[in-house]
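# Summary of the model geometry
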Amino acid sequence: MQQVKLISTDGKLAFSLTGEIDSATSEDFYAEVKAAYLHDKKDVEFDCTLLTFIDSTMLGTFVKLFKELKADGNKLSLKNVQPRIRKLFEICSLDRLMEIK
């Protein structure tokens, strides 16, 4: 199952995330998002409606992407984040850095 899919490039790069993304798949996730971003540098938004699990490695990957986008003057945001996953961002105070809707 594809866990990250580019769904739109209108105004921003919008990705849909599906299932579990963890230490076993985080490198592929990062490579796919980074390749799309390098091709078309703009804000990045992740739709997390179908995302069911992330681990600490993925939190680190989101931070890494956030820093890279910020250095270029772009933003990273997440929308439709499940309460259980949102709590992870809140515990680490990442909800203060990234826009989580």
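Here's what I pulled together on the structure shown here. (Residues numbered from 1 in each chain as written. Predicted model: local features only at pLDDT ≥ 70, side-chain atom pairs only at ≥ 80, totals over all residues. Heavy atoms only, no water.)

### Thoughts on the nonpolar core
So the rule is basically this: The definition of a nonpolar core used throughout is a set of buried Ala, Val, Leu, Ile, Met, Phe, Trp, Tyr and Cys residues joined through side-chain atoms within 4.5 Å. Buried means the residue's accessible area, taken with a 1.4 Å probe over protein chains only, is under 20% of the maximum for its type, while exposed means over 50%, and partly exposed covers the values in between. The way it works is that DSSP assigns letters per residue, a run of H or I at least four long becomes a helix, a run of E at least two long becomes a strand, and they are numbered from the N terminus. In this description, contact between two residues means that some pair of their heavy atoms is separated by no more than 4.5 Å.
L17, F29, F46, F62, L78 and F89 are the most contacted members of the largest nonpolar core, which totals 29 residues. Mapped onto this core, the elements with two or more residues apiece are β2 (13-21), α1 (26-39), β3 (44-54), α2 (56-71), β4 (76-79) and α3 (83-91). The greatest single-element share of this core, amounting to 6 residues, is contributed by α2. Not counting chain neighbours up to four residues away, the residues in contact with L78 comprise F46, C48, F62, F89, M98, E99, I100 and K101.

### Considerations on the environment of F15
As for its position among the elements, F15 is in strand β2. For F15, a relative accessible area of 1% corresponds to the buried category. F15 sits 72 residues away from K87 along the chain, and the two C-alpha atoms are 21 Å apart. Contact partners of F15, with chain neighbours within four places excluded, come to V4, K5, L6, I7, V33, A36, V44, E45, F46 and D47.

### Some remarks on the pairing of β2
Convention followed: Note on pairing: two strands pair once DSSP finds at least 2 bridges between them. For the handedness criterion, the strands are oriented away from the viewer, and a crossover whose path from the first strand over the helix to the second runs clockwise is classed as right-handed.
For β2, the buried fraction is high: 8 of the 9 residues fall into the buried class. Where strand β1 (residues 4-8) folds back on β2, the antiparallel hairpin that results is connected by 4 residues, among which G11 adopts a positive phi of roughly 80°. Examined bridge by bridge, β2 and β3 share 8 bridges and lie parallel to one another. Residue pairing for β3: F15 is matched across the bridge by F46. Handedness of the crossover is the feature at issue here: the chain leaves β2, passes through α1, returns alongside β3, and the resulting connection is right-handed.

Interpretation in functional terms is not warranted from these geometric data alone.
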